Amino acid sequence: FVFSALVRNIERPATKRREMSETQPGLDLDSLSLDQLSQVKQQEEQRLKALTDQYGQLRAGNARFHSAKDALENLKASDHSSSTKEIMVPLTESLYVPGRIKDSNKIMVDLGTGFYVEKSSKDACSFLDRKMKLVEANSSNVLTVIQGTKMNMQNVQIAMQGKMMQIRARQEASVHQAKDASERDN
């Protein structure tokens, strides 16, 4: 994952906090209309939802890798006690058949997209460790981007509040001008 454009938004100084947007770097929020700000906010909300979903998927994937490693370590630990190990082999998520492991040092590892490779227990553990580190790094990157997106949303909200205050001030000024004009006419 490449998130450098979004990370830039987090590291901006406070004086430029109202300039943002991954899609439009340097976007001056104060120059946008209320409708445009609303659209930017909606885009940021959609981005946040997608990133949050992605983060959840990464965490779930990491949990699966941890579970696989735990199972592999349990298999290696019980390997010393008997020559064959009885297990339940899943046919579906809810259907299992009894089975036996003859050689616990030969492990089939899912590389993804339907490709499997036979590895030794040690190599399979190393593979799982690398995958967990990769997923952890990606999770950390996505979390950083989530934080930046939340900051972007706050900046948009602040800009929207500022626009609303400007609109109210103009309305009050025109009401006072109209009132002053009618008093002068009387």
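These figures come from a predicted structure and were not determined experimentally.

**With respect to the overall build of the chain**
- Along the backbone of the chain there are three helices and six strands.
- Along the chain, from the amino end to the carboxyl end, the secondary structure elements read α-β-β-α-β-β-β-β-α.
- The buried share of the chain, reckoned over its 186 residues, is 25%.
- Here the contacts in the chain between residues at least 6 apart in sequence split such that 56% fall between residues at least 24 apart.
- If you sum the accessible surface of the chain, you get close to 12900 Å²; carbon and sulfur atoms cover 53% of it.

**Some remarks on the nonpolar core**
- Of all hydrophobic cores here, the largest spans nine residues; its members are Leu72, Leu75, Ile101, Ile107, Val109, Ala124, Cys125, Phe127 and Leu128.
- Mapped by element, the contributors of at least two residues to this core are helix H2 (34-78), strand E5 (106-112) and helix H3 (121-185).
- In terms of residue count, the dominant contributor to this core is H3 (four residues).
- The contact partners of Ala124, leaving out residues within four places of it in the chain, are Leu72, Ile107, Val109 and Lys119.

**Regarding the pairing of strand E3 (residues 85-90)**
- The buried fraction of E3 amounts to zero of the six residues, a small share that puts the element mostly on the outside.
- Sheet analysis places E3 next to strand E4 (residues 96-101), joined by six bridges and oriented antiparallel. If you follow Met88 over to E4, its bridge partner there is Pro98.
- Taking the residues between adjacent antiparallel strands as the criterion, E3 and E4 are bridged by five residues.

**As for a nonpolar patch on the surface**
- A cluster of nonpolar side chains, Ile87, Val89, Leu91, Leu95 and Val97, forms an exposed patch at the surface whose accessible area comes to about 370 Å².
- Structurally, Leu95 can be placed in the loop between E3 and E4.
- A residue is classified by how much of its surface remains accessible, and Leu95, at 45% relative accessible area, is partly exposed.

Reading guide: rules and limits
- Residues numbered from 1 in each chain as written.
- Predicted model: local features only at pLDDT ≥ 70, side-chain atom pairs only at ≥ 80, totals over all residues.
- Heavy atoms only, no water.
- Helix = DSSP H or I, 4+ residues; strand = E, 2+ residues; numbered from the N terminus.
- Buried < 20%, exposed > 50% of the residue type's maximum accessible area, 1.4 Å probe, protein only.
- Contact = heavy atoms within 4.5 Å.
- Areas by Shrake-Rupley, 256 points an atom, 1.4 Å probe, with all protein chains shown as cover.
- Core = buried A, V, L, I, M, F, W, Y, C linked by side-chain atoms within 4.5 Å.
- Pairing = 2+ DSSP bridges.
- Patch = residues over 30% accessible without salt bridge, like charges linked within 9 Å, V, L, I, M, F, W, Y side chains within 5 Å.
- Salt bridge = Lys/Arg side-chain N within 4 Å of Asp/Glu carboxyl O.

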